[in-house]
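# Working through the structure, step by step
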Amino acid sequence: VAALTDIETYIDGARLAGIALRISQASRVFVFGRGNAEPLSSLLNRRLRRYGIDSRQLSGDMRDLAEQAVGFRKGDLVLAFAFRGPPKGYAPLLEAAHQVGAATIVISGQNGPTLHPQPDDLIAVSRGGEQDEFQTLTVPMLICNVIILELGNIHKNKSLATLARLRSVIKKFENEDSN
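Residues numbered from 1 in each chain as written. Predicted model: local features only at pLDDT ≥ 70, side-chain atom pairs only at ≥ 80, totals over all residues. Heavy atoms only, no water.

## Some details on the packing of aromatic side chains
The criterion, for reference: Each aromatic pair joins two rings of Phe, Tyr and Trp (for Trp, the six-membered one) with centres within 6.5 Å, and gets the label stacked for planes under 30 degrees apart, edge-to-face for over 60, and tilted for any other angle. Each helix is a run of DSSP H or I of at least 4 residues and each strand a run of E of at least 2, with the numbering of both proceeding from the N terminus. Each residue's exposure class comes from its accessible area (1.4 Å probe, protein chains only) as a fraction of the maximum for that residue type: buried when under 20%, exposed when over 50%, partly exposed otherwise.
Using the criterion set out here, one finds 2 aromatic pairs in the structure. An angle of 55° between the planes, with centres 4.9 Å apart, marks the rings of F30 and F72 as tilted. With F30 in strand β1 (residues 29–32) and F72 in the loop between α5 (62–69) and β3 (77–82), this pair connects stretches of sequence that are 42 residues apart. Taking the relative accessible area as the measure of exposure, F30 reaches 4% and is therefore buried. Judged by centre distance (6.1 Å) and plane angle (55°), the ring pair of F81 and F83 falls under tilted. What makes F81 buried here is its relative accessible area of 1%.

Shown next as structure tokens:
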């Protein structure tokens with residue numbers, strides 16, 4: 001509750017709207033999270049795809065990540081989660097993105113300013129408790145949900161059309177499943 005109450009200390013709605021705009025303007029979005037951040041990266045990736053955004057979840061071992069990173073190009077955006085510290089693969093992914101001119105955004109805990117390399121845009125928020133104590137995913141989940149809602153508002157007609165088409169395609173798959 002304290003972390004949710006303090007969220008405005010770290011970030012405001014206008015900044016999140018700006019981040020949503022950057023995501024909407026990217027050619028492709030690559031989402032990266034390990035450990036506790038994996039459910040958030042999976043959720044964000046799925047929600048971006050539902051809005052018709054070309055989004056891909058970065059996963060696998062270091063070789064898999066390297067194979068995915070070699071395809072980064074200017075106009076892409078890498079959005080990573082880094083909570084207690086940089087997850088394995090963080091530095092080479094951001095370096096690969098920076099090398100080709102892809103944008104980088106990181107959602108982190110309060111350790112964000114110590115991450116290396118630094119992203120183009122850093123959202124560093126308290127997740128409640130001290131670094132060595134239990135910390136919640138509630139605050140970063142709220143940030144992700146605000147970004148998703150802002151994306152829906154940015155391209156409202158496109159987003160609603162894509163969601164309607166998705167419902168239609170889901171029905172076809174469900175009908176196939178019942179046959």
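Now that the structure has been shown, we can carry on.
## Looking at helix α4 (residues 38–50)
In an α-helix, one full turn covers 3.6 residues, which means residues spaced three or four apart are oriented alike. Rules: Take the residue count of a helix, subtract one, and multiply by 1.5 Å to get its expected span. For this quantity, the arc is that covered by the directions from the helix axis to the C-beta atoms. Pairs of residues are marked as contacts when any of their non-hydrogen atoms sit within 4.5 Å.
Compared with the 18 Å implied by 1.5 Å per residue over 13 residues, the 18 Å span of α4 between its first and last C-alpha is a close match. Taken together, the buried positions of α4 are occupied by L40, S41, L44, N45 and L48. Down the axis of α4, the buried set is contained in an arc of 130°. They therefore lie on one face. On its buried face, α4 is in contact with α3 (13–25), β1, β2 (55–58), β3 and α7 (138–154).

## Quick look at unusual backbone geometry
Residue H116 is joined to P117 through a cis peptide bond whose omega torsion reads 0°. Within the fold, P117 resides in the loop between β4 (103–108) and β5 (121–124).

## Comments concerning the side chain of S108
Threshold: Two N or O atoms form a polar contact when they lie within 3.5 Å of each other; inside protein one atom must be a possible hydrogen donor and the other a possible acceptor, and for residues adjacent in sequence the pair counts only when both atoms belong to side chains.
Position of S108 among the secondary structure elements: in strand β4. Judged by its relative accessible area of 1%, S108 is buried. At 3.4 Å, the side chain of S108 forms a polar contact with the backbone nitrogen of G112. Not counting chain neighbours up to four residues away, the residues in contact with S108 comprise A82, F83, L115, L122, I123, A124 and V125.

## Let's talk about the packing of α4 against α7
To keep it simple, the criterion reads: A fitted line through C-alpha atoms represents every axis, and for helices the fit uses only the stretch in contact; the resulting angles, taken between N-to-C directions, go from 0 to 180 degrees. These descriptions rest on fixed angle ranges, namely under 35 degrees for roughly parallel, over 145 for roughly antiparallel, 65 to 115 for roughly perpendicular, and the rest for oblique. Under the convention adopted here, Pro, Cys and the residues Ala, Val, Leu, Ile, Met, Phe, Trp and Tyr are nonpolar, Asp, Glu, Lys and Arg are charged, and Gly plus all remaining residues are polar.
Where α4 contacts α7, the two axes come as close as 11 Å, and the packing angle between them is 5°. When the axes of α4 and α7 are compared, the pair comes out roughly parallel. Two secondary-structure elements touch here, α4 through L40, L43, L44, R47 and L48 and α7 through P140, M141, C144, N145, I148 and L151. Taken together, the residues of the contact of α4 with α7 break down into 9 nonpolar, 1 polar and 1 charged.

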